[in-house]
Amino acid sequence: MACLLDMHPFLSEASVAPPRREEQDAYAISAEFYDILQGEQDGARVRQLYSRDVGNARLAVLDVGAGTGRVTLMCLVESQVPVHAVEPARSMRSPLMTRLASLPSDLRTRVTVHPHTLDEAGLHKVADVAICHNTIACLHPASRRALWPAIAGALVPGGVLLIQLPPACLPHHETTHDLPTQRVGQHEYGGRMVASADVNRIRTRFEYWVRGEGGVLREHTETFWMWPTARTEVIGELEKSGFAPLPERADPAVLAVRLTRRCPAPRSPEHARLLRLGLATALPPAPR
């Protein structure tokens with residue numbers, strides 16, 4: 001199972017007047033461990049999955065759920081166009097900004113970081129390539145369906161959207177994936193991911209530890225929820241927002257679609273907020 005730390009889980013406890021997103025940060029623990037335990041492997045994976053499409057971008061690239069910036073950095077290196085990195089979680093955005101600060105100025109001036117959800121960022125027809133990596137699986141179905149028209153609005157007609165798909169089904173039994181141990185000075189960092197079925201969701205628990213010469217110094221746990229969704233269901237949702245599937249990629253975990261018609265009518269900020277909470281239905285698609 002692919003690592004899913006860069007996701008934005010649905011917060012079922014949210015009230016009608018929810019706290020600010022940064023007060024509900026779901027990555028307060030994982031942000032410390034993500035880059036050291038998984039960043040290098042994920043960086044190689046995003047280059048393999050998306051670099052060709054990014055290199056073909058002529059307007060801009062949109063990174064939805066940028067996390068600590070592995071996709072964002074790849075987009076800057078592989079293209080010559082502006083990059084829009086959307087990341088509402090402060091704990092993940094902080095290492096993203098640190099990574100960008102270390103870049104040469106000619107690269108740094110091409111990237112804009114949006115500290116909001118996509119529908120709050122106000123991006124309209126700004127890009128011809130969009131990427132959702134490690135983002136979709138942890139979205140509640142209502143929030144996932146609300147994301148598609150927001151991406152359609154941010155792309156120009158003919159723009160390409162690349163999605164790392166959620167798991168298609170629940171796991172039959174609990175599975176454990178050990179993360180590669182890394183040494184930093186006198187300390188050793190490690191962890192594991194434990195996934196199990198819970199009714200219609202997947203409980204994904206990350207367990208982290210830091211060890212010194214005398215044994216374990218710290219232990220932390222953080223849990224994420226994933227909603228399994230079949231590829232055909234995702235395609236059906238996307239078609240309602242004007243997307244058409246492109247030929248299948250070598251890696252079946254990635255779905256590529258193209259925006260073929262005008263995106264749905266824009267939502268009001270209040271309607272977008274209710275959609276994220278699952279308290280409203282999506283607007284019907286705009287007429288062809």
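This one's a predicted model, so the numbers in the text were calculated from it and none came from an experiment.

Colleague: Outline the sheet that holds strand β6 (residues 175-184), supporting the account with residue identities and numerical values.
Modeller: Strands sit in the order β6-β7-β8-β9 across an open sheet of four strands; the sheet is antiparallel. Sheet topology places β6 and β9 (215-226) at the edges, where each strand pairs with a single neighbour. Averaged over all neighbouring strand pairs, the angle between strand axes comes to 15 degrees, with direction disregarded.

Colleague: If you had to explain the pairing of β6 to someone new, which residues and values would you point to?
Modeller: For β6 and strand β7 (residues 187-198), the ladder comprises eight bridges, and the chain directions are antiparallel. Bridge assignment links arginine 183 to a residue of β7, and that residue is glutamate 188. Linkage of β6 to β7, two consecutive antiparallel strands, is achieved through a turn of two residues, within which glycine 185 is found at a positive phi near 60 degrees.

Colleague: Talk me through the side chain of serine 79; I want residue IDs and the actual numbers.
Modeller: On the secondary structure map, serine 79 appears in the loop between α2 (70-78) and β2 (83-86). The exposure class assigned to serine 79 is buried, which follows from its relative accessible area of 3%. Separated by 2.7 Å, the side chain of serine 79 and the backbone oxygen of cysteine 75 make a polar contact. Those residues in contact with serine 79, other than ones at most four positions away along the chain, are Val54 and Arg110.

Colleague: So what's going on with the sheet that holds β2? Which residues, and what values?
Modeller: Strand order in this open sheet of seven strands is β3-β2-β1-β4-β5-β11-β10, and the pairing throughout is mixed. Looking at which strands have only one partner, the edges of the open sheet turn out to be β3 (111-114) and β10 (243-245). Within this sheet the neighbouring strands show an average axis-to-axis angle of 20 degrees, counted without direction. Sheet topology note: the strand β4 (residues 127-132)/strand β5 (residues 155-164) ladder contains five bridges and is parallel. Counterpart to alanine 130 in the pairing with β5 is leucine 161. Sitting on the sheet, helix α1 (residues 30-55) is in contact with β1 (61-64), β4, β5 and β11 (254-259), with an inclination near 165 degrees to β5. Those strands touched by α2 are β1, β2, β3 and β4, and its axis lies near 180 degrees from that of β2.

Colleague: Before we move on, can you summarise helix α6 (residues 141-154) with the specific residues and values?
Modeller: Between the first and last C-alpha of α6 there are 21 Å, a value that for 14 residues agrees with the 20 Å anticipated at 1.5 Å per step. When you tally the buried positions in α6, you get 13 out of 14 residues, the bulk of the element.

Colleague: Kindly report on unusual backbone geometry, identifying the contributing residues and their values.
Modeller: Positive phi is not limited to glycine here, since lysine 125 has a value of about 50 degrees. Along the chain, lysine 125 turns up in the loop between α5 (118-121) and β4. Since its relative accessible area comes to 46%, lysine 125 is described here as partly exposed. Positive phi, normally seen in glycine, also occurs at valine 199, with a value near 60 degrees. Looking at where valine 199 falls in the secondary structure, it is placed in the loop between β7 and β8 (201-212). When its relative accessible area of 74% is taken as the criterion, valine 199 is described as exposed.

Conventions we followed
Residues numbered from 1 in each chain as written. Predicted model: local features only at pLDDT ≥ 70, side-chain atom pairs only at ≥ 80, totals over all residues. Heavy atoms only, no water. Pairing = 2+ DSSP bridges. Helix = DSSP H or I, 4+ residues; strand = E, 2+ residues; numbered from the N terminus. Axes fitted to C-alpha atoms, helices over the stretch in contact; angles between N-to-C directions. Buried < 20%, exposed > 50% of the residue type's maximum accessible area, 1.4 Å probe, protein only. Polar contact = N/O pair within 3.5 Å; in protein donor to acceptor, adjacent residues only side chain to side chain. Contact = heavy atoms within 4.5 Å. Expected span 1.5 Å × (residues − 1).

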